[in-house]
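Residues per chain are reported as follows:
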Amino acid sequence: MTTTVVYPPRPSVDRSRLPPGPRELPVIGQTLRYLRDPIGFMQEAAAYGDLVTMSVKPALLLLVNHPDLVRDIVITHHQQVGRSPNSEVLRYAMGDGLVTANGTDHLRQRRLIQPPFHRSRIQGYGAVMQQFAAQHPRRWQDGQAVDMAQEMSALTLRIVVKTLFGLELPDDARRIGAAFELINNYLVTRVNQPPRLRKLLHALPAPYTLRFKRARARLDAIIFNLIAQRRAAPTQDDDLLSLLLLSRLEDDSGDSQLLTDQQVRDQTITLFAAGHETTAVCLTWTWYLLSMNPEIQRRFHAELDAVLGNRPPSLDDLPSLDFTDRILTESLRLYPPIWFWSRMAFQPLQLNGYEIPPGALLAAPQLIVQRDARWFPEPLEFQPDRWTPEFRESLPRFAYYPFGGGPRQCIGEAFARMEAKLILATLGQRWRVHHDPRHRASMLPLISLRPKNGMPMYLERR
Ligand code: HEM
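Residues numbered from 1 in each chain as written. Predicted model: local features only at pLDDT ≥ 70, side-chain atom pairs only at ≥ 80, totals over all residues. Heavy atoms only, no water.

Student: An account of the overall build of the protein chain is requested, with residue identities and associated values reported.
Tutor: Along its length, the protein chain carries 18 helices and 14 strands. Against the compact-globule benchmark of 23 Å for 462 residues, the protein chain has a radius of gyration of 22 Å, which places it among compact chains. Principal axes of the C-alpha set define a box for the protein chain whose edges measure 65 × 55 × 45 Å. Relative to its 462 residues, the protein chain shows a buried fraction of 55%. Restricting the contact set of the protein chain to residue pairs at least 6 apart, pairs at least 24 apart contribute 73%. (Helix = DSSP H or I, 4+ residues; strand = E, 2+ residues; numbered from the N terminus. Rg over C-alpha atoms; globule rule 2.2 N^0.38 Å. Buried < 20%, exposed > 50% of the residue type's maximum accessible area, 1.4 Å probe, protein only. Contact = heavy atoms within 4.5 Å.)

Structure below.
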């Protein structure tokens, strides 16, 4: 059974009582401009101030462009806002998991999922991450051309399939990955459609929709089968699926129950969907930035050589890899894998002196705020050295939020950072990367911030 959320309708508000924004065209506002180039449009809109009205139909959409206002949404007013109607698309795949939940349901689910993601728990996954990263380049050769986006996706897929489901055969990862890719492509095409049109298209038996539903059925069959096996013969494994099968969810009366198969399925698909592509995208952009900044790549290698010598990195080495950490932090600033999120006001709230009515959408794009020269001098430059302790201290809390914040902060942050750092260190120890000069890297702002046309690179053995 899927939860039905009742969203407030689009409010009708006197334009003069809303924040300024780009000029509106009759009827369509700026909708086409937004759909054609959302990043360019938001960059232009940001020039109108810290809170900007964007006339993107049929919504009333406000761009939030100041760290204090981001904080107001994710912390101060978090009870007055919820997921936007666009998140219904995620429900097609994730069902009623943590990402799509609202209000007290979200709080209960959060309490359920938090313990398996505790820092001490996920440490155990470090060995899997390092081992799979070390095995990955067996197919790589000196001078070889690769698509780094595909390479990172394949590697992080194997890691997530092992840590989430306890499966380690490459074929298992391929089957799950292939089904999920079809699902993801479908969600991406549906996410920007107006809710009513989307609902209609999703209900029609068009070939594209049927392909999605078949892929989802294949993925469900794999997961329900695994759940049945684990329930019949519980293991001592510490994969996330096993931990979820032991977890208890509170109900309204305060009692707690083991999860049903459907609930376990929804949470595992949610974690898979939220954790796989984001980490792959983060690594892809990081290799790109290293390749475009040879001096930084040289210093990255020098740190790995000094700290690790010839031995493979382990969890204990991570605190000593300070420059690698800054590289990752700066890469997440320039290319935040979740580049944008929005919330819908469910109740009236005050923001920057304006009365925000229920039904308004508030968009707080990391990609815009994290490239703002007010907080980051030379914002488009890749400067890992900017991340000194003093700089971090001086930065407003929500000038940098690649993992979000408040009660909905990314639950997988420590997992993702550990994975990304271990992969960078393990591969960087042996390989230097060069971006293919014939390729012009550009951003494809879908649900995550993929590079357009992959990321062709050449590998050089060190
Ligand atoms: C570099 C990698 C990652 C990035 C940049 C990232 C980013 C984010 C962001 C920005 C949010 C908040 C979205 C919002 O407020 O609407 C989020 C939420 C979430 N992330 Fe991540 N994430 C990453 C990796 C992961 C991993 C590895 C997992 C799990 C294995 C994960 C699981 C989740 C879940 C379940 C949520 C929803 C939390 C909630 O609503 O309470 N993420 N992530």
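Student: Any details on helix H15 (residues 322–334)? Residues and values, ideally.
Tutor: For H15, spanning 13 residues, the distance from its first C-alpha to its last is 19 Å, which sits close to the expected 18 Å at 1.5 Å a residue. With 11 of 13 residues buried, H15 is to be regarded as a mostly interior element. For H15, every residue scored as buried is listed here: Phe323, Thr324, Arg326, Ile327, Leu328, Thr329, Glu330, Ser331, Leu332, Arg333 and Leu334. Buried residues in H15 make contact with helix H13 (261–292), helix H14 (294–308), helix H16 (366–369), helix H17 (389–394) and helix H18 (413–428). (Expected span 1.5 Å × (residues − 1).)

Student: Please give an account of the packing of H13 against H18 that cites residues and values.
Tutor: Contact geometry of H13 with H18 gives a least axis separation of 10 Å together with a crossing angle of 40 degrees. Looking at the two axes, H13 sits oblique to H18. Seen along the crossing, H13 lies across H18 with a hand that is right-handed. Across from Thr279, Leu283, Thr286 and Trp287 in H13, the residues of H18 making contact are Ala416, Glu419, Ala420, Ile423, Leu424, Leu427 and Gly428. Broken down by class, the residue content of the contact of H13 with H18 amounts to 7 nonpolar, 3 polar and 1 charged. (Axes fitted to C-alpha atoms, helices over the stretch in contact; angles between N-to-C directions. Parallel < 35°, antiparallel > 145°, perpendicular 65-115°, else oblique. Left-handed = near helix turned anticlockwise from the far one by under 90°. Nonpolar A, V, L, I, M, F, W, Y, C, P; charged D, E, K, R; others polar.)

Student: I'd like to hear about the coordination of the iron atom of the ligand, residue by residue, with values.
Tutor: A lone protein donor binds the iron atom of the ligand: Cys410 (SG), at 2.3 Å. Within the fold, Cys410 resides in the loop between H17 and H18. (Donors = N, O, S within 2.8 Å, 3.2 Å for Na, K, Ca; no water.)

Student: Requested: an account of the layout of surface pockets, with residues and values cited.
Tutor: If you add up the space inside the second largest pocket, you get close to 960 Å³. In terms of lining residues, the second largest pocket is bounded by 34 residues, among which Ala149, Gln150, Ser153, Ala154 and Glu181 are the most central. Among the elements of the structure, helix H7 (126–135), helix H8 (148–165), helix H9 (170–190), H13 and strand E13 (449–451) are those that each provide at least two residues to the lining of the second largest pocket. In terms of residue class, the lining of the second largest pocket is made up of 14 nonpolar, 11 polar and 9 charged. (1 Å grid on protein atoms, 1.4 Å probe; cavity = no way out; pocket = protein on both sides within 12 Å on 5 of 7 lines; lining within 4 Å. Points joined across faces, edges and corners; volume = space filled by probe spheres on them.)

Student: Account for the pairing of strand E1 (residues 51–54), with residues named and values stated.
Tutor: Side-chain alternation along E1 places Leu51 and Thr53 on one buried face and Val52 and Met54 on a second face that is also buried. Note that E1 and strand E2 (residues 61–64) share 4 bridges and pair antiparallel. Directly across from Met54, in E2, lies its bridge partner Leu61. Between E1 and E2, which pair antiparallel one after the other, the connecting turn spans 6 residues. (Pairing = 2+ DSSP bridges.)

Student: Break down the side chain of Thr279 for me, with residues and values.
Tutor: As for its placement among the helices and strands, Thr279 is situated in helix H13. Look at Thr279 and you get buried, because its relative accessible area is 4%. Beyond its immediate stretch of four places on either side in the chain, Thr279 contacts Thr156, Ala416 and Glu419.

Student: Which residues make up unusual backbone geometry, and what values do they have?
Tutor: In this structure, Glu378 takes a positive phi of about 45 degrees despite not being glycine. Secondary-structure assignment places Glu378 in the loop between H16 and H17. The exposure class of Glu378 is exposed, given its relative accessible area of 51%. Residue Asn453 is not a glycine yet carries a positive backbone phi of 55 degrees.

Student: Give a description of the side chain of Thr53 that names residues and reports values.
Tutor: In this structure, Thr53 sits in strand E1. In this structure Thr53 comes out as buried when scored by relative accessible area, which is 2%. A polar contact of 2.6 Å, which involves the side chain of Thr53, links it to the backbone oxygen of Pro19. Among residues more than four places away in sequence, those in contact with Thr53 are Arg15, Leu18, Pro19, Pro20, Gly21, Pro22, Leu60, Leu61 and Leu62. (Polar contact = N/O pair within 3.5 Å; in protein donor to acceptor, adjacent residues only side chain to side chain.)

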